[in-house]
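What follows is each chain in one-letter form.
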Amino acid sequence: MFLELDGQGPLYDQLTRALKASILDGRIAAGTQLPPTRELAHELEISRTTVLAAYEQLRAEGYIDGRVGSGSFVSHLQARPLAHHVSTDIDAPSRYAERARKVRNWDIPRMHRGLRYNLEYGYPMINPTLNNAWGRELARAAVYTRLNAVELAGLGVLRKQTCDYLARRRGVQAEPDDVLIVTGTQQAINLAARVLVNEGDPVVLEEPHYFLAHQALAAHGAELVSVRTDEHGLICSELPEQSPRLIYVTPSHHFPTGAVLSMQRRLDLLHYAERHQCWILEDDYDGEFRYDAHPLAALRSLDEQDRVIYVGTFSKVMFGGLRLAYMVMPAALRADFLNAKYLTDMVCPVIEQAALARFMEDGGFERHLRAARKELKARREMLIAGLKEHARDRVEITDTPAGMHMVVWLRGYDAPRREALVAYAHEHGLGLHPMSPLYARAPERQGLLLGYCSLSVNELREAMRLFGQCLDYMEQA
Ligand SMILES: Cc1ncc(COP(=O)(O)O)c(C=O)c1O
């Protein structure tokens, strides 16, 4: 129990005052049992007689009930609120804090409360089989992991498993020494900004873009340069003349449109980076979820100049709350990335890393991946079938057989009409989320980002029926 004695007068008076103040402030709630006198005396290093005297005084004044021996309980009094004068602002926030306030001012509307079907991007697939398997791995790791086995770049076993996985699935050749385990793609982006970007340095982002990359880089103070994308991904011919420091791209599955960066553009991008001596951050966030054929090899696999910082995450394959991802670091940046990681948070949590390494080693990870891919494919097919049946030609689908989300463009909609559709759908229990916040400039057409990962096939069927009804309503309105 935290009690501050004020040093004024006899000890038992001091203790009585401190306890009264805590009771009146509500810090010790009504009904709470006070510690036994012997225990409190020991804790405060005072005599038990002093504590007994203080308790007697409090009892006499009605602050506590009960008798010595049977426990002393705080009476039900009207507590007065803490007299803190808390300011909600600080005089001089850092430039970072100011910029972060600005970029975090907007958010993709989170309107999920009370919705029957929410097509919000980023919601996880509920998977009890994974939860159980993960629970077992965690329990085991908690017992067997050497807790002081701290390795700055991440546990060696996990880096080794990551390299095997990358070679097998993504065509990326890397040694464990090239790999840095980080707490999510978000940390990788922040580390890249720290290591490579000064305030005011140009950084290229795709248009439309991944909102959290945009926010992190803007808060860091980068001068963001948006380069358009089309159905083949980033339009490399529109990259700026002035050399940027960094280019952030999602080549395997552009976020959010789903475009796959064509081979010619991959080569163009690598040539550009070489010519301009800049770095590429390849965010391969859901490269493992392709439903047509084998996943495309990562851009990093074509990188002969060692200019691509490759980032992959376990957030999509496992779940976002895991907060584990990995970077493949170009040799020239390795020491700086390790410094930045150490000074940020030293290392990632060891037990989770050990559990994940074993999950990968014993095949559970691959089994889960296969099952998740099958389920997501079925959900995606249902979404498309539902759109074709209920939305028909009123929407245009961007159909890349990959990932956990899809974009549909609304035909004949301007921004106010799209807003009205989203509001109407929301009123009727359907969460729709516009594309516009993902653009640096106002988009030419109105679209919706449909995250289908968290809804079952049956739910998606119903959601699409409801979507069709919303579109019907808008036609009549
Ligand atoms: C484009 C993109 N990159 C990365 C991530 C994953 O980020 P993290 O690894 O920080 O969870 C996501 C997930 O939502 C994403 O959409």
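Residues numbered from 1 in each chain as written. Predicted model: local features only at pLDDT ≥ 70, side-chain atom pairs only at ≥ 80, totals over all residues. Heavy atoms only, no water.

> Even after reading the chapter, I still don't get the packing of helix H2 (residues 37–44) against helix H3 (residues 48–60), so can you show me in this structure?
For any two helices packed against each other, one specifies the crossing angle of their axes together with the interaxial distance. Remark: H2 packs on H3, axes separated minimally by 8 Å, with the N-to-C direction vectors making an angle of 120°. By the criterion of interaxial angle, the relationship of H2 to H3 is oblique. For the pair H2 and H3, the crossing hand works out as right-handed. Touching Thr37, Arg38, Leu40 and Ala41 of H2 are Arg48, Val51, Leu52 and Tyr55, all from H3. Along the lines of polarity and charge, the residues of the contact of H2 with H3 split into 5 nonpolar, 1 polar and 2 charged. (Axes fitted to C-alpha atoms, helices over the stretch in contact; angles between N-to-C directions. Helix = DSSP H or I, 4+ residues; strand = E, 2+ residues; numbered from the N terminus. Parallel < 35°, antiparallel > 145°, perpendicular 65-115°, else oblique. Left-handed = near helix turned anticlockwise from the far one by under 90°. Contact = heavy atoms within 4.5 Å. Nonpolar A, V, L, I, M, F, W, Y, C, P; charged D, E, K, R; others polar.)

> Can you help me understand the nonpolar core in this one?
Burial of nonpolar side chains together is a common tendency in soluble globular proteins. Core analysis: the largest hydrophobic core is formed by 69 residues, its most contacted members being Leu356, Phe365, Leu387, Leu421, Leu430, Leu432 and Phe467. Among the elements that line this core, the one with the most residues is helix H12 (residues 364–391), at 9 residues. When residues of this core are sorted by domain, at least three fall in each of domain 2 (105–125 + 370–476) and domain 3 (128–362). Contact partners of Phe365, with chain neighbours within four places excluded, come to Tyr165, Phe314, Val317, Met318, Leu356, Phe359 and Met360. Residues Ala153, Leu196, Met327 and Trp409 belong to the second largest nonpolar core, which totals 39 residues. (Core = buried A, V, L, I, M, F, W, Y, C linked by side-chain atoms within 4.5 Å. Buried < 20%, exposed > 50% of the residue type's maximum accessible area, 1.4 Å probe, protein only. Domains from an automatic or database assignment.)

> Mind showing me how you'd approach the layout of surface pockets here?
Empty pockets left among the atoms are what a rolling probe the size of a water molecule brings to light. Its volume calculated, the largest pocket comes out at about 750 Å³. Around the largest pocket sit 40 residues that line it, and Tyr121, Gly122, Tyr210, Ser315 and Lys316 are the ones nearest its centre. Of all the secondary structure elements, the ones that give two or more residues to the lining of the largest pocket are helix H7 (185–196), helix H8 (211–220), H12 and strand S15 (447–451). Sorting elements by how many residues they give to the lining of the largest pocket places H12 first, with 3 residues. Each of domain 2 (105–125 + 370–476) and domain 3 (128–362) accounts for three or more of the residues forming the lining of the largest pocket. Empty space within the second largest pocket amounts to approximately 550 Å³. In terms of lining, the second largest pocket is formed by 20 residues, of which the most central are Glu207, Pro208, Thr229, Tyr439 and Arg445. Every element with two or more residues in the lining of the second largest pocket is listed here: strand S6 (223–230) and strand S12 (395–398). Top contributing element to the lining of the second largest pocket by residue count: S6, with 3 residues. (1 Å grid on protein atoms, 1.4 Å probe; cavity = no way out; pocket = protein on both sides within 12 Å on 5 of 7 lines; lining within 4 Å. Points joined across faces, edges and corners; volume = space filled by probe spheres on them.)

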